[in-house]
Amino acid sequence: MSGTASWYFEIGCHYGGNPGGSQEDRDLKVLQINTVCGSGSVGRITVDIVHALEEAGDEGMIAFGRRQAPEGVKTWKFGTNLDMGVHVLHTFFKGEHGFASSKQTARLIEKIKEYDPDIIHLHNIHGFYLDVEQLFRYLKTSGKPVVWTLHDCWSFTGHCAHFDYIGCMKWKTGCGSCPQYKNVYPYALFKDNSAGNYKRKKDAFTGVPDLTVVTPSRWLAGYVRESYLGEYPVQVIPNGIALDRFRPVNGGLRKRLGFENKYILLGVASMWEERKGYAYFEQLADRLDDSYQIILIGLSKRKLKTLHPRIHGVMRTNSMEELAEYYSMADAYVNTTLEDTFPTTNLEALACGTPVITFATGGSVESVDASCGKIVPKGDIEALIQAIEELRGEPDKKEACLRRAAGYDKDDRFQDYLKLYRSLLERQGRQAVPGQNTGTEQ
């Protein structure tokens, strides 16, 4: 994120080379909007979609609000530290998230008009950087097809990005008296305004003439169809992974760690909080015998200091090569998440030939079947232990895991987005790239 406090709209100068020809030669022009560009799982997805567009001879650009963009990507940055700080205070004290940053949003809209994309693709529009009412007023009159990929549930609740952990379904009829407005993102510390937020978001987000919702899981798609966003077509495009990076490797890690004779259970999270199920690994460490070894990746320095003595802890790493080595070494990947949309860690483990045991949580079950792992009732420690012991006694599942992972090649998934873009243009009667299969599963 930029350190300057001045208002600015930065046109990225990182665009490398001229892939796909000149702008005049391009058939498709897509603008994506997200909180960040190139960092975090969603930020990386936006960059990968741009690369997919360019490889097809098309053009992509990312408008983002915070942090910095990687080299080689055409970008617009329109957020500042000052604006984010004001938006955070607006959320904390008024309980209204997504209803500030009006000046920044006005500048974004002007640049969208100038860029004149064929498709506007929204990702996370929360994150202290946009006035969503202002943006959607423009979208309703822009005459452009809109794709909105939902990576969580914030778009159809009065506050929460996730509600599955506490089992709250108020969003089906209207939020209010939010049980977690103070202690979960986006942290409305001093005022519960979930009822008003729900109404304003419903009014803003409905009625866009040509909008398609995309979700990474069937689980989230089902909830979207039950919400006020159910008026739109919903398409499932699962997250993908880099199969050339996540693959079986043997770099001698097991020997270096001294775990040659152990049955290794691996857990991975970007942040080990309560809803990621850290407590279940402590219970496993207490109850499993010494032939098992638990390894957790993604622990903070603070967490490492209080780590269970029978758990081997590793701090967070962004190295795909290091992660692939840990996944490959593990005998089973255990996902104790209590709230998740579609965890890519399951896919990464499968791509390294490691079976997955997961709680029946959200979209976590959708990448796992009996050939490559086990699904157990959410929060059931007895069933979890039984599944681990059963898996240990079963034949090797490496080849089945690799076959399962092959369906989640990120390049194929991004091609699904390109097919969707072209189908939307064809629906409008505009020129799409010839010879492309535009069949999409709704």
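Everything below is about the structure shown above.
In this text the structure is predicted, and so the values were computed from the model without any measurement.

### So, a negative patch on the surface
Among the surface-exposed residues, E55, D244, D411 and D412 lie close enough to one another that they form a single negatively charged patch. Mapped onto the elements of the fold, D244 is located in the loop between β8 (234-236) and α7 (253-257).

### Remarks on the sheet that holds strand β11 (residues 311-315)
Sheet strands line up and pair through hydrogen bonds in the backbone, either parallel or antiparallel. Reading across the sheet, the six strands line up as β11-β10-β9-β12-β13-β14 and stay open at both edges, with parallel pairing between neighbours. With partners counted over all chains shown, the strands left at the sheet margins are β11 and β14 (373-376), one partner each. With strand direction ignored, the average angle separating the axes of adjacent strands in the sheet is 20°. Contacts from helix α11 (residues 344-351) reach β9 (263-268), β12 (332-335) and β13 (356-359), with the element oriented near 175° to β12. Its contacts with the sheet place helix α12 (residues 381-392) against β9, β10 (292-299), β12, β13 and β14, and it is angled at close to 165° to β14.

### Quick look at the environment of G167
Its place among the elements puts G167 in the loop between β6 (146-149) and α5 (194-205). Each C-alpha atom of the pair G167 and E339 lies 9.9 Å from the other, and the pair is 172 residues apart in sequence.

### Describing unusual backbone geometry
With an omega of 10°, the peptide bond between Y185 and P186 qualifies as cis. Here P186 lies in the loop between β6 and α5. Phi is positive for D116, which is not a glycine, with a value near 55°. Along the chain, D116 turns up in the loop between α3 (102-115) and β5 (119-122). Here S177, not a glycine, exhibits a phi torsion of approximately 50°, which is positive.

### Description of the pattern of salt bridges
Enumeration according to the criterion identifies 27 salt bridges in this entry. The residue E226 makes a salt bridge to K172 at a minimum N-O spacing of 2.8 Å. Here K172 lies in the loop between β6 and α5 and E226 lies in helix α6 (residues 218-226), a separation of 54 residues in the sequence. E382 is the partner of R287 in a salt bridge, and the nearest nitrogen-oxygen pair spans 2.7 Å. Here E382 lies in helix α12 and R287 lies in helix α8 (residues 278-287), a separation of 95 residues in the sequence. Assessed through its relative accessible area of 45%, R287 is described here as partly exposed. Judged by its relative accessible area of 45%, E382 falls in the partly exposed class. One salt-bridge network, in which partners are shared between bridges, spans K94, E96, E133 and R200.

### Concerning the packing of α11 against helix α13 (residues 398-405)
Put simply, α11 and α13 touch, their axes get as near as 7 Å, and they point 130° apart. By the angle between their directions, the pair α11 and α13 is classed as oblique. The handedness of the crossing between α11 and α13 is left-handed. In this structure, α11 uses L347, L350 and A351 to contact α13, whose residues at the interface are C401, L402, R404 and A405. A breakdown of the residues in the contact of α11 with α13 according to their chemical character gives six nonpolar, no polar and one charged.

Conventions used here
Residues numbered from 1 in each chain as written. Predicted model: local features only at pLDDT ≥ 70, side-chain atom pairs only at ≥ 80, totals over all residues. Heavy atoms only, no water. Patch = residues over 30% accessible without salt bridge, like charges linked within 9 Å, V, L, I, M, F, W, Y side chains within 5 Å. Areas by Shrake-Rupley, 256 points an atom, 1.4 Å probe, with all protein chains shown as cover. Salt bridge = Lys/Arg side-chain N within 4 Å of Asp/Glu carboxyl O. Lys, Arg positive; Asp, Glu negative; His and termini not counted. Charge placed at Lys NZ, Arg CZ, Asp CG, Glu CD. Helix = DSSP H or I, 4+ residues; strand = E, 2+ residues; numbered from the N terminus. Pairing = 2+ DSSP bridges. Axes fitted to C-alpha atoms, helices over the stretch in contact; angles between N-to-C directions. Contact = heavy atoms within 4.5 Å. Buried < 20%, exposed > 50% of the residue type's maximum accessible area, 1.4 Å probe, protein only. Parallel < 35°, antiparallel > 145°, perpendicular 65-115°, else oblique. Left-handed = near helix turned anticlockwise from the far one by under 90°. Nonpolar A, V, L, I, M, F, W, Y, C, P; charged D, E, K, R; others polar.

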